[in-house]
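Descriptive structure summary
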Amino acid sequence: AALADEAAKPADPPKLTAGGEGFVLQSANGDYRLQLRGYVHFDGRFFSSDGGRLATDTFLLRRVRPIFAGTVGRHFEFQIMPDFGMGTTVLQDAWLDVNYSPKLRVRVGKFKSPVGLERLQSATALAFVERAYPTALVPNRDVGLMLHGNLAGGIVTYAAGVFNGAPDGGSVDLDLADGKDVAGRLFLSPFKRRSSTLEGLGFGIAGTTGKQTGALPAYRSGGQVSLLTLVQGITADGKRNRLTPQLSFYSGRFGLMAEYAWSESWVKKASTGTRARFSGEAWQATATFTLTGEKASWSGVRPRESFGSGKGKWGALELAARVNGIELGTEAFREGIVESSKSIRKALAWAVGVNWYLNRNVKQVVNFERTTFTGGAADGTDRP
């Protein structure tokens with residue numbers, strides 16, 4: 001009779017929760033889980049000095065991304081993230097992660113390549129409205145297979161994979177050529193498990209290599225203005241290498257991120273069939289400081305109290321400062337690959353910002369950024 005009563009006992013019902021991480025429906029034992037969340041970025045860009053009339057003052061929906069994520073059968077995690085921002089529909093993420101051990105996981109599908117430091121950071125955690133120049137020289141999202149994991153309790157983080165080969169700063173959904181990219185990243189946090197001021201220090205190196213053909217990418221400033229115009233008929237044709245050393249440090253209310261990126265590829269002129277080398281290098285350093293006492297972190301600031309009508313409930317306030325630069329195609333100008341009257345050789349930008357976290361899900365960002373250019377004007381002088 002006892003066995004019969006036990007067999008007749010109904011299974012525990014699934015759990016439904018709602019909070020800062022979205023809506024979550026999961027089985028009682030957690031083996032099956034569905035999470036619905038997402039984010040929207042509504043931006044405004046206004047240029048106080050645009051003598052060349054290259055930019056447009058505008059409001060825009062920069063990102064509109066619902067996210068469907070979850071777990072099936074305990075060891076299989078997935079994420080699907082479309083994007084309806086900028087008036088287009090794009091599939092940003094669609095991947096499956098096999099997770100039997102945190103030391104070795106396998107991911108397949110479309111996802112961020114394990115290369116750029118700031119690129120790997122979620123758009124919801126960025127200190128500034130737009131990412132810095134090194135992100136323009138590393139791949140964004142690519143399709144492929146990747147091994148990744150954490151060793152020594154998170155002191156060592158690694159990733160290595162084979163991908164179709166996204167262009168600098170770009171994403172791909174399919175490959176139109178046989179060439180593939182091998183990408184890898186090694187990141188160390190040697191003091192992570194110690195109680196010291198260096199606990200939040202991490203540094204590493206990442207890169208890609210492969211042979212690619214086809215269209216070349218577009219490079220843009222922080223204000224999303226084109227930096228480089230290629231001569232018609234220039235395509236990638238040969239080996240492409242990238243390398244990016246990187247560092248981050250978070251201690252109390254202070255945060256620091258720094259990285260350098262180098263990209264070099266071979267290109268071909270359709271008119272003559274001759275090949276030339278195209279390279280670029282970029283760097284950035286970003287510092288943040290929370291005025292309201294919250295801890296700075298890689299995943300952004302989490303306010304201790306949400307903004308409300310009560311006394312002292314203002315959410316979290318963060319100051320940010322950044323300097324970054326890029327140099328493009330020194331050889332390209334000499335070989336006639338780019339249109340010199342429309343292409344800059346260098347750009348240097350500094351920016352300051354205030355970030356107001358009203359609660360865990362609402363953030364307001366105000367930035368001022370000034371960029372100076374070397375070259376790029378029609379008369380051969382510096383672009384304004």
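Residues numbered from 1 in each chain as written. Predicted model: local features only at pLDDT ≥ 70, side-chain atom pairs only at ≥ 80, totals over all residues. Heavy atoms only, no water.

**Topic: the overall build of the chain**
In plain terms, the rule: We count a stretch as a helix when DSSP gives it H or I for four or more residues in a row; a strand needs E for two or more, and each element gets its number in order from the N terminus. Both definitions apply: the radius of gyration is a C-alpha atom measure, and the globule rule equals 2.2 Å times residues to the power 0.38. Accessibility here uses a 1.4 Å probe with only protein chains present; expressed as a share of the type maximum, an area under 20% marks a residue as buried, one over 50% as exposed, and anything in between as partly exposed. Under the convention used here, a 1.4 Å probe and the Shrake-Rupley method define accessible areas, while residue burial counts only the protein chains that appear. Two residue types count as positive, namely Lys and Arg, and two as negative, namely Asp and Glu; His and chain ends fall outside the count. Note that the charge is assigned to NZ on lysines, CZ on arginines, CG on aspartates and CD on glutamates.
Looking only at helices and strands, the chain has 3 helices and 17 strands in total. Taking 384 residues into account, the globule formula puts the C-alpha radius of gyration at 21 Å, and the chain, at 23 Å, falls close to it. Dimensions of the chain, computed from the C-alpha atoms along their principal axes, are close to 90 × 55 × 45 Å. Going through the 384 residues of the chain one by one, you find that 41% of them count as buried. Accessible surface, the chain as shown: approximately 20100 Å² in total, 58% of it carbon and sulfur. The chain carries 47 positive and 35 negative side-chain charges, and their two centres are separated by 3 Å.

**Considerations on unusual backbone geometry**
Leaving glycine aside, a negative phi is the common case for residues, and trans is the common case for peptide bonds. Phi is positive for Arg 74, which is not a glycine, with a value near 65 degrees. Counting through the fold element by element, Arg 74 comes out in the loop between strand 4 (58-72) and strand 5 (76-83). The backbone of Met 86 shows a phi angle near 60 degrees, a positive value even though the residue is not glycine.

**Examining the pairing of strand 13 (residues 254-269)**
The test is simple: Strand pairing follows a simple DSSP-based rule, namely that at least 2 bridges must link the two strands.
Of the pairings in the sheet, the one linking strand 12 (residues 234-251) to strand 13 comprises 13 bridges and is antiparallel in character. Bridged to Tyr 250 within strand 13 is Gly 255. Counting the residues in the hairpin turn of strand 12 and strand 13 gives 2 residues, including Gly 252, whose phi is positive at 60 degrees. Across 15 bridges, the pairing between strand 13 and strand 14 (residues 275-290) is antiparallel. Within strand 14, the position partnered with Ser 265 by the bridge is Phe 278. In this antiparallel pair of consecutive strands, strand 13 and strand 14, the connection spans 5 residues, and Gly 273 shows a positive phi of 80 degrees.

**Topic: the side chain of Arg 65**
Under the convention used in this document: For this analysis, a polar contact is any N or O atom pair within 3.5 Å, provided that within protein one partner can donate a hydrogen and the other can accept it, and provided that sequence-adjacent residues contribute only side-chain to side-chain pairs. Only heavy atoms enter the contact rule, under which two residues are in contact if any of them lie within 4.5 Å.
Mapped onto the secondary structure, Arg 65 falls in strand 4. The exposure class of Arg 65 is buried, given its relative accessible area of 8%. Only 2.9 Å separates the side chain of Arg 65 from the side chain of Asp 83, close enough to count as a polar contact. Residues contacting Arg 65, with those up to four places away along its chain left out, are Arg 37, Gly 38, Tyr 39, Met 81, Pro 82, Asp 83, Gln 92 and Arg 141.

**Describing the pattern of salt bridges**
What counts is decided by this rule: For this document, the term salt bridge refers to a Lys or Arg side-chain nitrogen within 4 Å of an Asp or Glu carboxyl oxygen.
Per the stated rule, a full pass over the model turns up 20 salt bridges. For Arg 62, the salt bridge goes to Glu 130, with nearest N and O atoms at 2.8 Å. Here Glu 130 lies in the loop between helix 2 (117-120) and strand 8 (141-151) and Arg 62 lies in strand 4, a separation of 68 residues in the sequence. In this pair, the class of Arg 62 matches that of Glu 130, namely buried.

**Here we look at the side chain of Thr 71**
Note on placement: Thr 71 falls in strand 4. Other than its neighbours up to four places away in sequence, Thr 71 contacts Asp 31, Tyr 32, Arg 33, Phe 76, Glu 77 and Phe 78.

**Structural notes on the pairing of strand 6 (residues 90-101)**
In this sheet, strand 6 lies alongside strand 5 in antiparallel orientation, the contact comprising 8 bridges. Paired with Pro 82 across the bridge in strand 6 is Leu 91. As consecutive antiparallel partners, strand 5 and strand 6 are separated by 6 residues, and within that stretch Met 86 has a phi angle of approximately 60 degrees, a positive value. Taken together, the 6 bridges between strand 6 and strand 7 (residues 104-112) define a ladder with antiparallel strand orientation. In the sheet register, Asp 97 faces strand 7, and the bridge partner there is Arg 107.

**Things to note about the packing of aromatic side chains**
Filter applied, for reference: Aromatic contacts are taken between Phe, Tyr and Trp rings whose centres are within 6.5 Å, Trp giving its six-membered ring; a plane angle under 30 degrees counts as stacked, one over 60 as edge-to-face, and the others as tilted. Whether a charge sits over a ring depends on NZ of Lys or CZ of Arg being within 6 Å of the ring centre and within 35 degrees of the ring normal.
For the coordinates displayed, the defined rule picks out 9 aromatic pairs. Considering the side-chain rings of Phe 42 and Phe 59, the 5.7 Å spacing of their centres and the 10 degrees angle between planes classify their relative orientation as stacked. Linking Phe 42 in strand 3 (residues 33-45) with Phe 59 in strand 4, this pair joins segments that are 17 residues apart in sequence. On the numbers, 5.3 Å between centres and 75 degrees between planes, the contact of Phe 46 with Phe 59 is edge-to-face. With Phe 46 in the loop between strand 3 and strand 4 and Phe 59 in strand 4, this pair connects stretches of sequence that are 13 residues apart. For the pair shown, Phe 46 and Phe 59 are each scored as exposed. By way of ring pairs, the aromatic residues Phe 42, Phe 46 and Phe 59 are connected into one cluster. Over the ring of Phe 111 we find Arg 107, and its NZ or CZ is 5.7 Å from the ring centre. If you follow Arg 322 out to its NZ or CZ, it ends over the ring of Phe 128, 4.5 Å from the centre.

**Structural notes on the environment of Gly 375**
Relative to the helices and strands, Gly 375 is located in the segment after strand 17 (362-374). Taking relative accessible area as the criterion, Gly 375 reaches 4% and is therefore assigned buried. On a C-alpha basis, the gap between Gly 375 and Ala 183 in space is 33 Å, while along the polypeptide they are 192 residues apart. Beyond its immediate sequence surroundings of up to four residues, Gly 375 is in contact with Ser 343, Ile 344, Arg 345, Thr 381, Asp 382 and Arg 383.

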